[in-house]
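Summary of structural features
One-letter residues, chain by chain:
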Amino acid sequence: MSQSLARAMTLLGLLGDGPRSLDELASVLEVHKTTVLRLLRTMEADRFVQHDADHRYQLGSRLFELANHALEQRDVRSIARPHLSELNAITGQTVHLATYEAGVVIYIDKFDAQQSVRMYSRIGKPAPLHCTAVGKVLISARPEAERVQIARNITYTPFTERTITTAERYLRELDLVLEQGFAEDREEHESFVNCIGCAVRNGTGDVVAAVSMSVPDMVLDHQQVLATLPEVQHAAAAISAGLGWHPQEAQDDRTQNQNSKEGTQ
């Protein structure tokens, strides 16, 4: 790697921790200020860095554009597959991955249970919004106004005696999903089948998919299915990490931003 490129990458890393002055950057690199200034001007011309009125440098908009493109290019299905396979191997149960597209929740991957019982779902098939764990997870993540609109437009087909059949009850269920951090389908879509689901997030924290596990109650009852929640949560977290989501880093950034705002008041 060329010396100039190495220094430029070091500068980006330093600015990733917060704004720095020219003197501070030169001190860390242990080079003359004119050398650092030359690099910064080149990077600023391509919007990799920018400086404020106090001549403190920070990351530029070009980096955010590239970061967003990098996140968009990550295929959730390919990243999720090994984690879904592991969850299926650990639990022996049916595992789904679903996404929300154009008003419809679609199964995009599935691992069948290792016993003889097979679920009705299949890859490419829509999942009902009101009575599946993946549907509840994905709709609960939408903005509140959109959730209300979706709830009012659903045709509440009663698949079983336990299926939610009103918008009011569905909205209360979505609030519960947000509060507890996971969704359930207690024999709402298929009789004698219980399901739990968790959200998958991308690098910006947006919910982009849902992981679920479905089990006939002849295999595991409701409480036994709930006992497997940590495994489902672990799979969802691993997929989210593969998509660039690091909740602790996000929390640290929020804390740092809040402290910076308070310091300027």
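How each quantity is defined
- Residues numbered from 1 in each chain as written.
- Predicted model: local features only at pLDDT ≥ 70, side-chain atom pairs only at ≥ 80, totals over all residues.
- Heavy atoms only, no water.
- 1 Å grid on protein atoms, 1.4 Å probe; cavity = no way out; pocket = protein on both sides within 12 Å on 5 of 7 lines; lining within 4 Å.
- Points joined across faces, edges and corners; volume = space filled by probe spheres on them.
- Helix = DSSP H or I, 4+ residues; strand = E, 2+ residues; numbered from the N terminus.
- Nonpolar A, V, L, I, M, F, W, Y, C, P; charged D, E, K, R; others polar.
- Axes fitted to C-alpha atoms, helices over the stretch in contact; angles between N-to-C directions.
- Parallel < 35°, antiparallel > 145°, perpendicular 65-115°, else oblique.
- Left-handed = near helix turned anticlockwise from the far one by under 90°.
- Contact = heavy atoms within 4.5 Å.

Per an unreviewed UniProt entry, the chain goes by the name IclR family transcriptional regulator and belongs to Rhodococcus cerastii.

**Observations regarding empty space enclosed by the protein**
For the structure shown, the criterion picks out one cavity of 30 Å³ or more. Each pocket or cavity is described by its volume, and for the largest cavity that value is around 120 Å³. Contributing to the lining of the largest cavity are 14 residues, with Tyr107, Asp185, His189, Glu190 and Ser214 lying nearest its centre. Residue assignment for the lining of the largest cavity shows that the elements contributing at least two residues are helix H6 (133–140), strand S8 (193–201) and strand S9 (207–216). For the lining of the largest cavity, the class distribution of residues is six nonpolar, six polar and two charged.

**Considerations on the packing of helix H1 (residues 3–15) against helix H2 (residues 22–29)**
The geometry of H1 relative to H2 is characterised by a closest axis approach of 11 Å and an angle of 125 degrees between their N-to-C directions. It follows that H1 is oblique to H2 by the angle criterion. Judged by the sense of rotation from one axis to the other, the crossing of H1 with H2 is right-handed. Packed against H1, whose contacting residues are Arg7, Thr10, Leu11, Leu14 and Leu15, the element H2 presents Leu25, Val28 and Leu29 at the interface. When grouped by side-chain class, the residues that make up the contact of H1 with H2 number six nonpolar, one polar and one charged.

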